[in-house]
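Commentary on secondary and tertiary structure
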Amino acid sequence: MAEANWYVVHTYSGYENKVKADIEKTIENRHLENEILEVRIPMEEVVELKNGAKKKVQKKLFPGYVLINMYMNDDTWYVVRNTRGVTGFVGPGSKPVPLTEAEMRPLGIRDENIVVDFKVGDMVAVIAGVWKDTVGVIQSMNESKQTVTINVELFGRETPVEISFAEIQKK
């Protein structure tokens, strides 16, 4: 069997949660748990100011879209495509195109988790990317995005920079 990939499905605006629930119910009813692995609506936490009060709320990152991690075959394509509220897969014509690793990175979606031996306050060296050969102290870690934030000196002052776990090593 081919490998599972993330695909983007276009939905009617406002139907994202209904589409997610319907696909999950269909997975359960048709026993497709091993073919359609995960259905996700990318969300971000934002602070809204209403009536002078700050309130944290979850907002959809991409209204009108749902992400699905699945093995693409005729059955899974049919199930997703014929779910009420789905207008189609993102891709040319009727051929769905999977997301690349680079497209998934900003979404915090990662197939493999990197196990690290460092923590906040540790000194690390950047071994790849734009900040290669830079040394800094970890200010914060984001396990879900697999990134750390370190301060680097830029134009004579400390600036926080987010760097992938894969691009650093403990000093």
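The structure we're discussing is the one just above.
As the structure is a computational prediction, the values presented were derived from the model and not from experiment.

1. Concerning the environment of Pro98
Tracing the backbone shows Pro98 in the loop between strand E6 (86–89) and helix H3 (101–104). Along the backbone, Pro98 and Tyr78 are 20 residues apart, and their C-alpha atoms lie at a distance of 16 Å.

2. Quick notes on the pairing of strand E4 (residues 53–60)
Note: strand E3 (residues 43–50) against E4, 8 bridges, orientation antiparallel. What sits directly across from Lys50, in E4, is Ala53. Connecting E3 to the antiparallel partner E4 that follows it, the hairpin turn spans 2 residues, and Asn51 within it adopts a positive phi of roughly 50°.

3. What to know about the sheet that holds strand E9 (residues 147–154)
With antiparallel pairing, 5 strands are arranged side by side in an open sheet as E10-E9-E8-E7-E11. Only two strands of the sheet have a single partner each, and these edge strands are strand E10 (157–164) and strand E11 (168–170). Between one strand and the next, the sheet's axes are offset by a mean angle of 45°, whatever the strand orientation. With 8 bridges joining them, E9 and E10 adopt antiparallel strand pairing. From the neighbouring strand, Val152 faces E10, where its bridge partner is Thr159.

The rules behind each value
- Residues numbered from 1 in each chain as written.
- Predicted model: local features only at pLDDT ≥ 70, side-chain atom pairs only at ≥ 80, totals over all residues.
- Heavy atoms only, no water.
- Helix = DSSP H or I, 4+ residues; strand = E, 2+ residues; numbered from the N terminus.
- Pairing = 2+ DSSP bridges.
- Axes fitted to C-alpha atoms, helices over the stretch in contact; angles between N-to-C directions.

Nothing here speaks to function; it is geometry throughout.
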